[in-house]
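Architecture and fold: a report
The residues making up each chain are set out below.
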Amino acid sequence: MYATQALTQLVPLAADDLDTNKVTPGVLGFLVFAALAVGTWFLMKSMNRHMGKVDFKETPDPAAEPEPEGSEEKAGAQGKG
């Protein structure tokens, strides 16, 4: 017997106690929410582990022209004046 068939047979039994003004997600809703929360927690933990392995230091582009030394100091002094 399938679970859906079993549930459809139980619905008429619960119809007498069902209040149309009070509907709750029940145990199944809680289990789905808990599973999503646990899955999200594991994904965030994995992401943090992988982001810790990333090296953010860029290597300089060999095709770029090197700036002459001291040009940064002169540009900074001109901007402050």
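Residues numbered from 1 in each chain as written. Predicted model: local features only at pLDDT ≥ 70, side-chain atom pairs only at ≥ 80, totals over all residues. Heavy atoms only, no water.

A separate point is the overall build of the protein. For the protein, the helix and strand inventory stands at three helices and zero strands. Along the protein, from the amino end to the carboxyl end, the secondary structure elements read α-α-α. The 81 residues of the protein split such that 0% are buried. (Helix = DSSP H or I, 4+ residues; strand = E, 2+ residues; numbered from the N terminus. Buried < 20%, exposed > 50% of the residue type's maximum accessible area, 1.4 Å probe, protein only.)

Looking now at the confidence of the model for the protein. Looking at the protein as a whole, its pLDDT mean stands at 77, while 60% of the residues score no less than 70. Within the protein, helix α3 (residues 71-80) has the poorest average pLDDT of any element, 57, and helix α2 (residues 26-52) the best, 95. (pLDDT = per-residue confidence, 0-100.)

Another point: a nonpolar patch on the surface. On the surface, Met44, Met47, Met51, Val54 and Phe56 cluster together into a nonpolar patch covering about 500 Å² of accessible area. On the basis of relative accessibility, which here comes to 43%, the residue Met51 falls in the partly exposed class. (Patch = residues over 30% accessible without salt bridge, like charges linked within 9 Å, V, L, I, M, F, W, Y side chains within 5 Å. Areas by Shrake-Rupley, 256 points an atom, 1.4 Å probe, with all protein chains shown as cover. Salt bridge = Lys/Arg side-chain N within 4 Å of Asp/Glu carboxyl O.)

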